[in-house]
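Reading the structure
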Amino acid sequence: MTFEPVVTVYDPRAFADDEPPRTRLRLAQLLETQPQRFRRRVITYHVGLNGMGYVFATFDSLIAPVFWRLTKAMGDVEVQVAAETLEILGALQRGEASLAYNVAASADVTEAARERGLAMIEPQDYRLAVLRSLFIPRTAREPRWATSFVDFILSDEGQDLVGRTAVRQAAGARAESGPSGTTHIIPLSPASLIFLDERKRNRFFDTWIQLTLKP
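Below or above, wherever it landed, is the structure these notes cover.

Thresholds applied
- Residues numbered from 1 in each chain as written.
- Predicted model: local features only at pLDDT ≥ 70, side-chain atom pairs only at ≥ 80, totals over all residues.
- Heavy atoms only, no water.
- Phe/Tyr/Trp six-rings, centres within 6.5 Å; stacked < 30°, edge-to-face > 60°.
- Lys NZ or Arg CZ within 6 Å of the ring centre and 35° of its normal.
- Salt bridge = Lys/Arg side-chain N within 4 Å of Asp/Glu carboxyl O.
- Helix = DSSP H or I, 4+ residues; strand = E, 2+ residues; numbered from the N terminus.
- Buried < 20%, exposed > 50% of the residue type's maximum accessible area, 1.4 Å probe, protein only.
- 1 Å grid on protein atoms, 1.4 Å probe; cavity = no way out; pocket = protein on both sides within 12 Å on 5 of 7 lines; lining within 4 Å.
- Points joined across faces, edges and corners; volume = space filled by probe spheres on them.
- Nonpolar A, V, L, I, M, F, W, Y, C, P; charged D, E, K, R; others polar.
- Core = buried A, V, L, I, M, F, W, Y, C linked by side-chain atoms within 4.5 Å.
- Contact = heavy atoms within 4.5 Å.
- Axes fitted to C-alpha atoms, helices over the stretch in contact; angles between N-to-C directions.
- Parallel < 35°, antiparallel > 145°, perpendicular 65-115°, else oblique.
- Arc of directions from axis to C-beta.

Some remarks on the packing of aromatic side chains
Throughout the structure, instances matching the rule amount to six aromatic pairs. For the pair Phe-67 and Trp-68, a centre-to-centre distance of 4.7 Å together with 70° between the ring planes defines the contact as edge-to-face. The residue whose ring lies beneath Arg-24 is Tyr-126, and the NZ or CZ to ring-centre distance is 3.7 Å. The cationic tip of Arg-201 hangs over the ring face of Tyr-54; the distance from NZ or CZ to the ring centre is 4.4 Å.

Thoughts on the pattern of salt bridges
The final tally for this structure, using the stated rule, is eleven salt bridges. One salt bridge in this structure joins Lys-72 and Asp-76, with 2.9 Å as the shortest N-O distance. Pair noted here: Lys-72 and Asp-76 are both in helix H4 (residues 67–76), with a separation of four residues, about one helical turn. Classification of Lys-72 as partly exposed rests on a relative accessible area of 41%. Overall, the relative accessible area of 33% leaves Asp-76 in the partly exposed class. With a shortest N-O distance of 2.3 Å, Glu-122 and Arg-127 are connected by a salt bridge. Each member of the pair, Glu-122 as well as Arg-127, carries the same accessibility label: buried.

Some thoughts on unusual backbone geometry
Unusually for a residue other than glycine, Glu-78 sits at a positive phi of about 60°. Structurally, Glu-78 is set in the loop between H4 and strand S3 (80–82). In this structure Glu-78 comes out as partly exposed when scored by relative accessible area, which is 40%. The backbone of Asn-102 sits at a positive phi, close to 65°, despite the residue not being glycine. Within the secondary structure, Asn-102 is located in strand S4 (residues 99–104).

Here we look at empty space enclosed by the protein
Throughout the structure, instances matching the rule amount to two cavities of 30 Å³ or more. Size it by volume and the largest cavity reaches roughly 100 Å³. Lining of the largest cavity is provided by 13 residues; of these, Thr-44, Ala-57, Tyr-101, Asn-102 and Trp-208 occupy positions nearest its centre. For the lining of the largest cavity, the secondary structure elements donating two or more residues are strand S2 (42–45), helix H3 (51–63), H4 and S4. Its residues assigned to classes, the lining of the largest cavity comprises eight nonpolar, four polar and one charged. There is about 60 Å³ of room inside the second largest cavity.

What to know about the nonpolar core
In terms of nonpolar packing, the biggest core is built from 51 residues, with Val-9, Leu-31, Phe-56 and Ile-88 touching the most fellow members. In terms of residue count, S4 provides more of this core than any other element does, five residues in total. Filtering out sequence-adjacent residues up to four positions away, Ile-88 remains in contact with Ile-43, Thr-44, Tyr-45, Ala-82, Ala-100 and Val-103.

What about the packing of H4 against helix H10 (residues 198–212)?
Viewed as axis vectors pointing N to C, H4 and H10 meet at an angle of 45°, and their least axial separation amounts to 7 Å. The orientation of H4 with respect to H10, classified from their angle, is oblique. Packed against H4, whose contacting residues are Phe-67, Trp-68, Thr-71, Lys-72 and Gly-75, the element H10 presents Phe-204, Thr-207, Trp-208, Leu-211 and Thr-212 at the interface. Taken together, the residues of the contact of H4 with H10 break down into five nonpolar, four polar and one charged.

Observations regarding the environment of Pro-35
If you trace the backbone, Pro-35 turns up in helix H2 (residues 35–38). Its relative accessible area of 29% is what places Pro-35 among the partly exposed residues.

Considering helix H6 (residues 107–115)
All buried positions along H6 are accounted for by Val-109, Thr-110, Ala-112 and Ala-113. Summarising the axial view, the buried residues of H6 lie within an arc of 170°, below the 170-degree limit, and thus occupy one face. With respect to the buried face of H6, the exposed residues turned more than 90 degrees away are Asp-108, Arg-114 and Glu-115. Of the surrounding secondary structure, the elements contacted by the buried residues of H6 are helix H5 (85–93), S4 and strand S5 (119–121). Count one or two residues on from H6 and you reach Gly-117, which has phi positive near 75°.

Structure, rendered in structure tokens:
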């Protein structure tokens, strides 16, 4: 139905004198070399409390060699963690954080960022993207109406309406490479189930907690 890139949201006031980090490596380097500047100034999802945050983190770990280095760097500067997107946007707006890592650029997030004077960038090393999908349950009480709705959403007119909400049209996901390097679309496939294995999930979560939420 839609194509939503996972972005970095930041407060432009916090980067008035320099560029915001446009790659994961650059973000890790900034946190490592300027820890006082970024102490308690970075926010991201708590992977144990937000399902999409967990998905983003696990796919990052599969794609980016720098993932655990960045995770440790965020832990070293006492990263803030949130269960909900509104918590992240609120912390940025109130000046309690300078930068939020791995936030899906949904229509609500895009609009809220615009209203709150925040900026968004797509990482240049690679970007993750979420496809919002529709399905009709076999037990649907009105399958004909549901089918009509799906057909409309996927029509040119429906996709045009979707595009006006500031979310990428689903059709754009197929061919888009963009200026931000390779796009990795989080798939509806067995690849998405790797970290739902209990042992893998526990191992990932324990390591993330040790590096991010240090006692």
